[in-house]
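Spelled out, the chains give:
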Amino acid sequence: SVRQDFAEGFGLRICSGGIWGFAASTSLTQESLAEAVEQAYSMIRASPPTRVKRGISVRPVRERHPPDWKVDPRLVDTSDKLRVCLQADSSSRLEGVSSTLCVYGDSVTEWLVGNNQGTCVSYTTSSPRLTVTVYVMDGSTTHVITESIGSNGGFELFSEEATTRVGMEAASKA
């Protein structure tokens, strides 16, 4: 079966008086943000006081960095992702291959980085991956070879040539 899932959340760190407080939530509401801030400050209040060494003062930065991919995986239809798996599977079925397993997955992460000096930087990353595992029986021995393509980028990583190549590489090594 093919399914598509999404997960989102945030984590925050607050430093006050040289003491750090942390909190996180999987809910992206104003209320959950307020609760997380209060949780982090509760952690700070529960900690013993510390001596603070003051660093240099810096000018706050506010930036939004757009993704550097060409094709956003979130906008690619599930049938196109399945086609990538089937194409890799087809190319990996060389003579002697008894079974294959092809898996496609991607995750897109929205990052927001800020500090108590007013800096706020946001950016988006994507990590799509196609993995092909080939099983070859040689008498009583099973050879298992796994090849994969993917990294940081968009769905453009999965051209017909690339998905065919990863399947053939796995099969030929097995």
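These lines cover the structure that appears in this document, whether it is placed above or below. (Residues numbered from 1 in each chain as written. Predicted model: local features only at pLDDT ≥ 70, side-chain atom pairs only at ≥ 80, totals over all residues. Heavy atoms only, no water.)

In this section: the environment of Thr142. Within the fold, Thr142 resides in strand 8 (residues 141-150). Accessibility expressed as a relative area gives 41% for Thr142, which makes it partly exposed. Separated by 32 residues in the primary sequence, Thr142 and Ala174 place their C-alpha atoms 9.4 Å from one another. Apart from the residues within four sequence positions on either side, Thr142 is in contact with Tyr135, Val136 and Met137. (Helix = DSSP H or I, 4+ residues; strand = E, 2+ residues; numbered from the N terminus. Buried < 20%, exposed > 50% of the residue type's maximum accessible area, 1.4 Å probe, protein only. Contact = heavy atoms within 4.5 Å.)

Take the packing of helix 2 (residues 78-92) against helix 3 (residues 160-173) next. The interhelical angle for the contact between helix 2 and helix 3, taken along N-to-C directions, is 40°, at an axis separation of 7 Å. On the basis of the axis angle, helix 2 is oblique to helix 3. Helix 2 and helix 3 meet at a crossing whose hand is right-handed. For the pair helix 2 and helix 3, contact is made by Val84, Gln87, Ala88, Ser91 and Ser92 and by Glu160, Thr163, Thr164, Val166, Gly167, Met168 and Ala171, respectively. Residues that form the contact of helix 2 with helix 3 fall into these classes: five nonpolar, six polar and one charged. (Axes fitted to C-alpha atoms, helices over the stretch in contact; angles between N-to-C directions. Parallel < 35°, antiparallel > 145°, perpendicular 65-115°, else oblique. Left-handed = near helix turned anticlockwise from the far one by under 90°. Nonpolar A, V, L, I, M, F, W, Y, C, P; charged D, E, K, R; others polar.)

In this model helix 3 runs 20 Å from its N-terminal to its C-terminal C-alpha over 14 residues, within 8% of the 20 Å that 1.5 Å per residue would give. In this fold, the buried residues of helix 3 make contact with helix 2, strand 4 (97-105), strand 7 (129-138) and strand 8. (Expected span 1.5 Å × (residues − 1).)

The subject of this paragraph is the packing of aromatic side chains. Evaluation of the coordinates by the stated rule reveals five aromatic pairs. When the centroid spacing of 6.4 Å and the interplanar angle of 15° are considered together, the rings of Trp20 and Phe22 count as stacked. Of the residues examined, Phe22 reaches a relative accessible area of 39% and is grouped as partly exposed. Between Tyr104 and Phe158, the ring centres sit 5.3 Å apart and the planes meet at 80°, which makes this aromatic pair edge-to-face. Note that Tyr104 is positioned in strand 4 and Phe158 in the loop between strand 8 and helix 3, a separation of 54 residues in sequence. In textbook terms, an aromatic cluster arises when at least three aromatic residues are bridged by ring pairs, as seen for Tyr104, Phe155 and Phe158. (Phe/Tyr/Trp six-rings, centres within 6.5 Å; stacked < 30°, edge-to-face > 60°.)

Moving on, we get to the nonpolar core. Leu130, Val132, Val134 and Phe158 are the most contacted members of the largest nonpolar core, which has 18 residues in total. Elements with a minimum of two residues in this core: helix 2, strand 4, strand 7 and helix 3. Not counting residues within four places of it along the chain, the set of residues in contact with Val134 comprises Ser92, Val97, Ser99, Thr100, His143, Val144, Ile145, Ala170, Ala171 and Ala174. The next biggest cluster of nonpolar side chains, apart from the first, holds seven residues, and it includes Leu12, Ala23, Ala36 and Ile44. (Core = buried A, V, L, I, M, F, W, Y, C linked by side-chain atoms within 4.5 Å.)

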